[in-house]
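# Coordinate analysis (summary)
Residues per chain are reported as follows:
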Amino acid sequence: MKKAFIEVDFPIREVSEESAREKNIRHGHISTLHIWWARRPLASSRASIYASLTPEPKDEEERIKKSRFIYELSKWENSLNKDLIERARKEILEANGGVPPKVLDPFAGGGAIPLEALRLGCETYASDLNPVAVLIEKCTLEYPQKYGKPKKIKTKELLGEKEINPLLEDVKKWGNWVLEEAKKEIGRFYPYDPDLPAPRPNVFWVYVLKCKDDSFYIGQTDNIPRRLEEHWNRQVEWTKTRLPIELIHYESFPNREEAVKREQELKTGFGRKWLKREYKAGKLAARQAGGSIPVGYIWARTVKCQNPSCGTEIPLIRQTWLAKKENKKVAYKIISKGKKVEFEIREGKEIDFDPETGTISRAKVICPCCGSGLSDKEVRKQFQEGKAGQRMIAVVLHHPKTQGKTYRLATERDQEIYLEVEKYLEKKRQELYEKWGFDPVPDEPMPPRETLGFRVQRYGMWKWGDLFNSRQKLALITFVEKAREIANSQWAIANKEYAKAVVSYLGFVISRISDFESVLGAWHPQWEFSTHAFARQALQMTWDYSELNLFSPILTGTWNSMHGQILRVIEETSKINFNSAIINQISATSLSYPDNYFDAIITDPPYYDNVPYSYLSDFFYVWLKRTIGDLYPDLFATPLTPKSEEIVAY
């Protein structure tokens, strides 16, 4: 029997270098479709498949030429090189008697190996026991090839038509729809900081506030910033029970008399109708003026000092850097005032303390007010007994007209808005439970305590929903609701299988943002962004976490960023092969194919207990099940991913 090329030679060093380089490639790479652990590089997968399916060289000259070809073939920039790919396909076809070889990967995971088999013209089969992996494979190896074929449509442009990728366009269109519909409903819980007019001599202002109950408060002042503080501090009778409030309009006048006159005009029936009409149209002054967008919130968990004479609520803080760059240094200072902890934001030379020093290290806490300590066991006990809390410390802002980010301390206004979020979440959660028949917030149990890769159960987190704060839960279930509306729309009913594919990608957007929108992500001061829960192949406790505004136009982890990454993967994978792979959810021990059916089985099986795939993927499974579970009743038939047949030792 003739040997394959890989049995006699392989450019290991060169292909390894390309595989390592591939880790830094994001644009269109399948790793950005969805997290899967221990993914195989496309470079080594492509090179290995080719070398396994073509014969050994006839002589030394052919060996050298073929090794060089494999090296070129493995490069990311050559993954869509028609000449190289066609040559590789032709040689594989010739080696298999003119018939595309049948190739199986029974541990397909993130789909790297079967994708490259598909690229090289093989009749490709992929399977996995894990439902999340199977869905990744469908969105990588089946849907782009089946529905992403170029299509010409009529346009009003000069040539009268243009070529589009229908799958790409529909995922883009419906993804934007989900974002806008969710924003209409809950965008108010991420209010921007309006650009307020500075006080000026002999200038008076009429201002309008929209209150929690949708009523308008109309007043006049000579200092809008100061007056707003009075409202937020409950010093104004009308608004103190109607918080939160939003400044929606203001007008300036040269004297108080004219300001009072305009105030009275706006308070008339005609004036209030005008305000409602202009507010709905987005034409009022405060909205036109714009402001800074809150792109993130910095939180700290809290425990109570056990010193009987103290009892301070201690914020658990690892370090206090907000920005730590060569040309930008921002940190918050921990200040003890009696039995309270307060903060000040300092910049540059104002930082006269060590931001690397917080209040907690290795679960051991020092009280900043009295200096008493809490052991790791005492800290865990407070979490397990439900006595620990959390506190919003700072808000990360971005102004559309400037570069970079700014920071401010959390205010009474921020706290009031969060309280409103909690009330709205409770109401919406109950409504969706009655509508769907299950809790929209994941209530499935987390893995048993001390499961490999899991440490959060030590701190009283026993359900998957415990990994999200109230605003994160509200945002995620709202996105889920909107995606489900598409799945049940008349359009989806008329385009059943195609709509299933489109909504699957939207499910992945939600699944991906859940990774960034949990209480396990931390603020990264060197890069000024929020890390994600799966920075490692584990879920570990985070004391001070960052919460993203998922409607933000900047930062990784938002709807726009994750939606954009998935669109680029669709665009890339649609170009690979118009023959899709055959994908099944099945155990590798129960394959339903006859003997000698495949020409090659090329796979990379799990390694003993290196990655607890099923337990880790439950993080995503619980959200995917709520979003698209109805579209895949067989994939999402179980409460959590299958465990008993998994080939991983725990």
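Look above for the structure.
Cut-offs applied
- Residues numbered from 1 in each chain as written.
- Predicted model: local features only at pLDDT ≥ 70, side-chain atom pairs only at ≥ 80, totals over all residues.
- Heavy atoms only, no water.
- Salt bridge = Lys/Arg side-chain N within 4 Å of Asp/Glu carboxyl O.
- Helix = DSSP H or I, 4+ residues; strand = E, 2+ residues; numbered from the N terminus.
- Buried < 20%, exposed > 50% of the residue type's maximum accessible area, 1.4 Å probe, protein only.
- Phe/Tyr/Trp six-rings, centres within 6.5 Å; stacked < 30°, edge-to-face > 60°.
- Lys NZ or Arg CZ within 6 Å of the ring centre and 35° of its normal.
- Pairing = 2+ DSSP bridges.
- Axes fitted to C-alpha atoms, helices over the stretch in contact; angles between N-to-C directions.
- Core = buried A, V, L, I, M, F, W, Y, C linked by side-chain atoms within 4.5 Å.
- Contact = heavy atoms within 4.5 Å.

Applying the stated rule across the entire model yields 57 salt bridges. Between Glu169 and Lys172 there is a salt bridge whose closest N-O contact spans 3.9 Å. One end of the pair is Glu169 and the other is Lys172, both in helix H8 (residues 166-186) and three residues apart, which spans about a single turn. On the basis of relative accessibility, which here comes to 32%, the residue Glu169 falls in the partly exposed class. Where Lys267 meets Glu263, a salt bridge forms, and the shortest distance between an N and an O atom there is 3.0 Å. For Glu263, a relative accessible area of 9% translates into the label buried.

Turning our attention to the packing of aromatic side chains. If you walk through the whole model with that rule in mind, you get 39 aromatic pairs. Taking 6.2 Å as the distance between ring centres and 70° as the angle between the ring planes, the aromatic pair formed by Trp491 and Tyr498 counts as edge-to-face. By the ring-pair criterion, three or more aromatic residues cluster together here, those being Trp36, Trp37, Phe454, Trp464, Phe468, Phe534, Tyr613, Phe619, Phe620 and Trp623. A cation over an aromatic ring shows up here: Arg188 above the ring of Tyr424, its NZ or CZ 5.0 Å from the ring centre. For the cation-ring pair, Arg471 lies above Tyr297, with the distance from its terminal atom to the ring centre recorded as 4.1 Å.

Further remarks concern the sheet that holds strand E12 (residues 328-337). Read across the open sheet, the three strands follow the order E11-E12-E13; overall the sheet is antiparallel. Edge positions in the sheet fall to strand E11 (321-325) and strand E13 (340-347), since each has one partner strand and no second. Strand-to-strand twist across the sheet, computed as the mean angle between neighbouring axes with direction ignored, equals 25°. As paired elements, E11 and E12 share four bridges and run antiparallel to each other. Note on E12: the bridge partner recorded for Trp321 is Ala331.

Counted residue by residue, strand E9 (residues 291-304) has twelve buried out of 14 residues, so it is predominantly covered. Pairing of strand E5 (residues 193-194) with E9, which is carried by two bridges, proceeds in the antiparallel orientation. What sits directly across from Pro194, in E9, is Gly291. As paired strands, E9 and strand E17 (residues 389-398) are joined by nine bridges and run antiparallel to one another. Bridge assignment links Thr302 to a residue of E17, and that residue is Gly389.

Core analysis: the largest hydrophobic core is formed by 137 residues, its most contacted members being Leu467 and Phe479. Ranked by residues supplied to this core, first place goes to helix H17 (residues 496-516) with eleven residues. Sequence-distant contacts of Phe479, defined by excluding residues within four places in its chain, comprise Val178, Leu179, Ala182, Ile510, Ile513, Leu550, Phe551 and Trp559. In this structure, Val15, Ile49, Ile85 and Ala88 belong to the second largest nonpolar core, which totals 22 residues.

Function cannot be inferred from these measures alone, as they are strictly geometric.
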